[in-house]
Amino acid sequence: MREGRPGSFYWLAALFALFVLFLYGPMITIVLLSFQGPDGGLTFPINGVSSHWFSKLWLDGLPNVDIWSAFARSARLGLVVMVLTVLLSLLAGLAYRKHFFGSDTLFFVVIASLIMPSIVVSLGIGLEFRIIDDAVKRYAPAWLADGYDTAMGLFTSALGAHLTWTLPFGLLIMFAIFNRFDARYEEAARDLGASPWQALRHVVLPIIGPSVVGIGLFGFTLSWDEIARTSQAVGYLNTLPLELQGQTTTVTTPVIYALGTLTTGVSLLVIAAALATMLLLRRRPLRTASAAPKRAS
Amino acid sequence: MMERGLPAWAQALPLAVVFVVFFIVPLLLTLMVSFWNYNEYEILPDFTARNYLEAFEGCAERLLAAPPELCTTLKTYLTTLRIAVVAWLITLLLGFAIAYFLAFHVHSSSMQIVLFLVCTIPFWTSNVIRMISWIPLLGRNGLINQALQQLHLIKQPLEWLLFSEFAVVLAFVHLYTLFMIVPIFNSMMRIDRALIEAARDCGASGWQTLANVVIPLSKPGIVIGSIFVLTIVMGDFVTIGVMGGQQIASVGKMINTQMGALQFPPAAAHAVILLATVLLVIWGLTRLVDIRKEL
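Model, not experiment: these values are computed from the prediction.

J.: What should I look at first to understand the overall build of chain A in this one?
T.: Across its full length, chain A holds 11 helices and 0 strands. The secondary structure elements of chain A, listed N-terminal to C-terminal, are α-α-α-α-α-α-α-α-α-α-α. Relative to the compact-globule value of 19 Å for 297 residues, chain A shows a C-alpha radius of gyration of 25 Å, a clear excess of over 25%. Each principal axis of the C-alpha distribution contributes one length, and for chain A these read about 75 × 70 × 40 Å. Looking at chain A as a whole, 39% of its 297 residues are labelled buried. Here the analysis covers contacts within chain A between residues at least 6 apart in sequence; of these, 76% occur between residues at least 24 apart.

J.: Got a minute to help me understand the overall build of chain B in this structure?
T.: Of regular secondary structure, chain B possesses 14 helices and 2 strands. Here the C-alpha coordinates of chain B stretch approximately 80 × 70 × 40 Å along the principal axes. Of all intrachain contacts in chain B linking residues separated by at least 6 positions in sequence, the fraction that spans at least 24 positions is 68%.

J.: Can you help me understand the interface of chain B and chain A in this one?
T.: It is common to give the size of an interface as the accessible area lost on bringing the parts into contact. Chain B puts 75 residues into the contact, and the matching count from chain A is 76 residues. Top contributing element to the side of chain B that touches chain A by residue count: helix H1 (residues 8-33) of chain B, with 19 residues. Across the side of chain B that touches chain A, the residue classes break down as 54 nonpolar, 18 polar and 3 charged.

J.: In this structure, what is going on with H1(B)? I would like to understand it.
T.: Three or four residues apart is the spacing at which side chains of an α-helix point the same way, because the helix has 3.6 residues per turn. Taking 1.5 Å of rise per residue, 26 residues should cover 38 Å, and H1(B) covers 36 Å from first to last C-alpha, within 8% of that figure. At B:Val20, H1(B) shows its largest kink, close to 40°.

J.: It is not clear to me how the environment of A:Gly153 should be interpreted in this structure. Could you clarify?
T.: Residue and element names in this part refer to chain A. In this structure, Gly153 sits in the loop between helix H6 (142-145) and helix H7 (154-179). Note: C-alpha distance between Gly153 and Ala142 (11 residues apart in sequence) is 22 Å. For Gly153, the residues in contact, after removing those within four places along its chain, are Ala158 and Gly235.

J.: I'm lost on helix H9 (residues 196-225) of chain A in this one. Help?
T.: Compared with the 44 Å implied by 1.5 Å per residue over 30 residues, the 37 Å span of H9(A) between its first and last C-alpha is markedly short. A:Gly209 marks the point of greatest bend in H9(A), at about 60°, and the proline A:Pro210 comes within the next four residues.

J.: Before we go on, may I ask you to explain unusual backbone geometry in this structure?
T.: Residues and elements named next belong to chain B. In this model, His152 sits at a positive phi of 60°, which is unusual for a non-glycine residue. Following the sequence through the fold, His152 ends up in the loop between helix H8 (143-150) and helix H9 (165-189). Residue classification places His152 among the exposed residues on the basis of 7 C-beta atoms within 10 Å. Phi at Leu262 is positive, roughly 60°, even though this residue is not glycine. Inspection of the secondary structure puts Leu262 in the loop between helix H13 (251-260) and helix H14 (264-286).

Rules behind the numbers
Residues numbered from 1 in each chain as written. Chains lettered and ligands numbered in written order. Predicted model: local features only at pLDDT ≥ 70, side-chain atom pairs only at ≥ 80, totals over all residues. Helix = DSSP H or I, 4+ residues; strand = E, 2+ residues; numbered from the N terminus. Rg over C-alpha atoms; globule rule 2.2 N^0.38 Å. Buried ≥ 20, exposed ≤ 12 C-beta atoms within 10 Å, placed from the backbone. Contact = placed C-beta atoms within 7 Å. Nonpolar A, V, L, I, M, F, W, Y, C, P; charged D, E, K, R; others polar. Expected span 1.5 Å × (residues − 1). Bend = angle between axes of the 7 residues up to and from the residue.

Structural data, given as structure tokens:
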């Protein structure tokens, strides 16, 4: 026999529903407002329905900013961060299954990076590159120093800043993955004569694959959205969220909502692609497993 | 012996290099530069306490004056702390309640995953956009003011809804409650359900079970979530900037402004002070729990 729901269930369910509304409500408002007619303003009521603000965004961008270059820069950076986050976290996750010198220190550093106020990291990286620049200009041979401006840039300082933010998430997810991983599969592969690489390639990776896709998702979306750590470490060319942050008070038309709808669309596409890949990868081992006995008979 | 593949240290090396180059060295440089001197044009290698002294210049006199008052720096630190504590309390209560609902009231695990994803998806979208999206709701002519005026509850639109401390805290709750939900939910899922039944069989009321079983066993998650929220909020300058209409001073904003003015040594000194404050908070919280065991 099962008892009915306790009273607290209904209170908490109502709270949960309100929380979901609180999470998604504002987002839905700007999506609605971005599809207004040409007379639309920043607030309700909605004036007409059109894709006017999207075509305006596509043709003119935002005033004073080359938004599409920023868009492309952020996308490229996000992809590089994603690939590096997956590779480095995976490698380090494998390392942490064994023991190595300094493993506790490294773990401590990674956690410290995760909870370090971002402005401090950003300032530190900014200082580091400024000192490098000064040193190059003062001491480097002429062929290097002539025409040298700065080492700071999207794929140097900004990339590093992003990795200090995405890699801790990646490593923690790897820990969670291997905590639940049954090492007997791997031992079985070894007993059957697989090399470490073969065991990794054919046994470990297919099992942990879906979760590794999750690391990629974190890598891209955290980078795509990063402001605080990038702010002092980006050099001359801003990423998209940095440009957006500067536009919040200056743009007074729904074109900013159109851009918001668009970037959210990109995020949602990435999330959907990641989730679909995870489901697909999760299903594949089952299929091969059910096919195996047939082959044997 | 069996072939072992790459040695472990070599596998961890790339990650370690990233953190040495982009985390350890920058932090050490920050500490170093906070003791450097500077003039209008450049930063000068030196060993001086000038930046720390100037940060709190006149604070002591003004505190001791009659009537005592706070200097700008102390006011900024207090504002930052106040906002952090309020945001922390709200995210903790809300995050705990949501995690409790997911862990104890949702019984099918697929439903749990779906609802959990529903909470998580906004986290993967842009924070700035999520902040901007409050403008049509909270603005002077926003939805909330319109509704309140039509209900004749107010005559003038409420000005404190947007570009205010209220808006800042609201945005923090909006953005970071998830950082509470995830670790608390994780802790709650590890609680042996038999313990809760045992508590009930022994005659404990719902509240007694909550206070004596669930909360103590959720402590690791509560601590981890609290560290996350407090450190993010205390160092924040983006949310406070956007939602405060660039009118509210926080420590993070102060550092950012000084960096913009190329005053690196004083910015570094404030970064060191901020870091010390944050570390103190974390140290206090980690006395309560061993993080490594909880993953």
